[in-house]
Structures are given as C-alpha cells and as structure tokens.
Amino acid sequence: MAGPKHSADGAAIPVLYEDNHVLVVEKPVNMPTQEDSSRDPDLLSVLKEDLKRRHHKPGNVFLGLVHRLDRPVGGVMVFAKTSKAASRLSDSVRTRTFDKTYAAVVRGRPKEPQGSLRHWLLKDTRTNTVSVVKPGKDGAKEALLDYRVLGSAEGLSLVLVKLHTGRPHQIRVQLAAIGCPLYGDQRYGAGANEPGQQLALWSARLSFPHPTQQETLTFRSVPPERHPWFLWQELVRNLPEQINE
C-alpha cells in the first residue's frame, strides 16, 4: 500500500506515506542520508525541519534513522517519528522482517540468470571502501543477497536484488565481485565506467510490519526515466514484487 504522494515543504522530497509513527519518503539521488563531511543538505535534517515547520514544534524534532541508502542511490526509505517506532523497526531489520528490494543496472550479465550471493565483507573506515575477504578475517561480516536478471541490452543488464543483510555498499561490492559492477559506480567499477555517470541503483520496494498496528506496509518507487533505466521502460515501471515472481 502507499499513501498519496506529496512533497515535503521547502524540498523536492516526495512523501509516500505518513502517520503518527512512520514517515516514508523517496530519497533523491546524490543527497546524503544524514550529515556528512561534505556539509551538503542531508535528507534527515531536511525532513526534521519540514516536520518542525508543518507541526509547529518548538525545539528539536525526533526522527529516527532506521536504515540508510548510499548518497548516489535514490528510492524509498522509512523514518521513525517516535522512539517506540524506531525500536520496533530496528527489531524488524534485525529479525529480517524488514524487506528491501532494489533495482540495479550492471555492466555485462551475471553467469546465472538468478541466484544468491554470499561473501564476507570488510570495511576500511579510513577510505570508506568495502572489500571481499576470506571468511573468518577479523572484522569481516557476512553479506547475503538474492538476484534475478530481468533483461539485457547494450552490454548492460537490469537486475532485481533482494537484501538479506544490510552491509555498507553491499550490492555494489557483491555484484562487482562476480564481474558485474554497477553502471556509473566510480568506486567499485572505475575501470568499466565513465566519470560523471550516475550510479544506477534504486530502492524500489520496501515492506515492513507497522510498529504499532497489526499490518504490513509496502511501498514502491520507480527509477527515473533516463539512461540507462529507459532501456527497459516497461520492466522498470512494472518491477516484479518478488525475486521468484
């Protein structure tokens, strides 16, 4: 389900749904999820200011960050408006009832049209990069995802990805590890991509148990109609609900 789309006041951020406990929005590409060293306007701060303005709240506004999207990535995100919602949504993430599906355009085509990827990833906080390492290496964390190739054209493939873990840069690193870096990824596919190309990764579907109601909420977001997404216009507009559909 999804509520009527409108924009947060003072910012071109589509609001997909809002109630007393959650706020679901469509994150713009190239906007940090939260404040970083660039000091550019970030999604969390902009949404807090918008809530403060709309609800005439004095002082600081609570808005809990439940999950993150990399700066170049756009698409659906949920924020918690209460501490209770933040706790319960975080529990959903931990117990994997928080369902995230992404659309991605990769260079080449995976050998198998559908499959699962399992790697051990290690993050270097100094360089903010992630690498695939051998299991058991100190600090490494297991990363799991399922993927399905939806179509191929012009040396590129449209891939649907379901995450089972939420490691930093996980989709980008794991797909690059099988020889299919994401279109536009300058960090993990610099040799295959041109400078200035927009990373083609989109948070397409988000499903989670409502923190206070006995129902599961599902929201969708469609990638923009521009290259390389428009190579598969109909597929992009009607992405499958599930990997196995």
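Residues numbered from 1 in each chain as written. Predicted model: local features only at pLDDT ≥ 70, side-chain atom pairs only at ≥ 80, totals over all residues. Heavy atoms only, no water.

**Considering unusual backbone geometry**
Most peptide bonds take the trans form, and the phi angle of most residues other than glycine is negative.
In step 1: The amide bond that connects H227 to the next residue, P228, takes the cis arrangement and shows omega of 5°.
In step 2: With respect to the helices and strands, P228 occurs in the loop between β12 (216-220) and α4 (233-237).
In step 3: In this structure, N30 takes a positive phi of about 65° despite not being glycine.
In step 4: Relative to the helices and strands, N30 resides in the loop between β3 (22-27) and α1 (43-54).
In step 5: For N30, a relative accessible area of 39% corresponds to the partly exposed category. (Helix = DSSP H or I, 4+ residues; strand = E, 2+ residues; numbered from the N terminus. Buried < 20%, exposed > 50% of the residue type's maximum accessible area, 1.4 Å probe, protein only.)

**Here we look at the pattern of salt bridges**
In step 1: Per the counting criterion, the structure on display carries 18 salt bridges.
In step 2: Linking D36 and R71 is a salt bridge whose minimum nitrogen-to-oxygen distance equals 3.7 Å. With D36 in the loop between β3 and α1 and R71 in the loop between β4 (64-65) and β5 (74-80), the pair connects residues that are 35 residues apart, well separated along the chain.
In step 3: In this structure, the salt-bridge partner of D50 is R53, at a minimum N-O distance of 3.8 Å. Linking D50 with R53, this pair stays in helix α1, spanning three residues, or about one helical turn.
In step 4: Exposure remark for R53: the relative accessible area of 44% places this residue in the partly exposed category. (Salt bridge = Lys/Arg side-chain N within 4 Å of Asp/Glu carboxyl O.)

**What to know about the confidence of the model for the protein**
In step 1: Overall, the prediction assigns the protein a mean pLDDT of 92, with 95% of residues at 70 or greater.
In step 2: Confidence, expressed as mean pLDDT per element, reaches its minimum in the protein at strand β1 (residues 6-7) with 56 and its maximum at helix α3 (residues 170-177) with 98. (pLDDT = per-residue confidence, 0-100.)

**Here we look at the side chain of K100**
In step 1: Mapped onto the secondary structure, K100 falls in strand β6 (residues 99-107).
In step 2: The buried charged residue K100 lacks any salt bridge, with D99 as its nearest oppositely charged partner at 9.3 Å.
In step 3: Beyond its immediate stretch of four places on either side in the chain, K100 contacts H67, V161, K162, L163, G166, R205 and L206. (Lys, Arg positive; Asp, Glu negative; His and termini not counted. Contact = heavy atoms within 4.5 Å.)

**Observations concerning α3**
In step 1: Burial analysis of α3 places six of its eight residues in the buried class, which makes it a mostly covered element.
In step 2: Taken together, the buried residues of α3 touch β6, β7 (114-124), β8 (129-133), β9 (141-153), β10 (156-163) and β11 (201-209).
In step 3: Once α3 ends, the next one or two residues include G179, with phi positive near 85°.

**What to know about helix α2 (residues 83-95)**
In step 1: Given a rise of 1.5 Å per residue, 13 residues ought to cover 18 Å, and the 18 Å separating the end C-alpha atoms of α2 matches this to within 8%.
In step 2: For α2, every residue scored as buried is listed here: A85, A86, L89 and S92. Buried positions in α2, seen along its axis, are confined to an arc of 125° and lie on one side of it. More than 90 degrees from the buried face of α2, the exposed residues found are S83, R94 and T95.
In step 3: In this fold, the buried residues of α2 make contact with β3, β5 and β11.
In step 4: Taken from the residues just after α2, R96 is the one with a positive phi, measuring 65°. (Expected span 1.5 Å × (residues − 1). Arc of directions from axis to C-beta.)

**Focus on the pairing of β12**
In step 1: Bridge count for β11 against β12 is five bridges, and the pairing is antiparallel. Bridge assignment links F208 to a residue of β12, and that residue is L217.
In step 2: A loop of six residues connects β11 with β12, the two strands running antiparallel in sequence. (Pairing = 2+ DSSP bridges.)

**A look at the environment of W232**
In step 1: Following the sequence through the fold, W232 ends up in the loop between β12 and α4.
In step 2: W232 sits 80 residues away from S152 along the chain, and the two C-alpha atoms are 8.6 Å apart.
In step 3: Setting aside residues up to four positions removed in sequence, W232 forms contacts with V105, G151, S152, A153, L156, S157 and L158.

**Here we look at the packing of aromatic side chains**
In step 1: On inspection of all chains with the given rule, the structure shows three aromatic pairs.
In step 2: Here F98 and F208 contribute two aromatic rings whose centre-to-centre distance is 5.9 Å and whose plane-to-plane angle is 20°, an arrangement assigned as stacked. Remark: F208 occurs in strand β11 and F98 occurs in the loop between α2 and β6; sequence separation between them is 110 residues.
In step 3: The rings of Y17, F98, F208 and F219 are connected pair by pair, giving a single aromatic cluster. (Phe/Tyr/Trp six-rings, centres within 6.5 Å; stacked < 30°, edge-to-face > 60°.)

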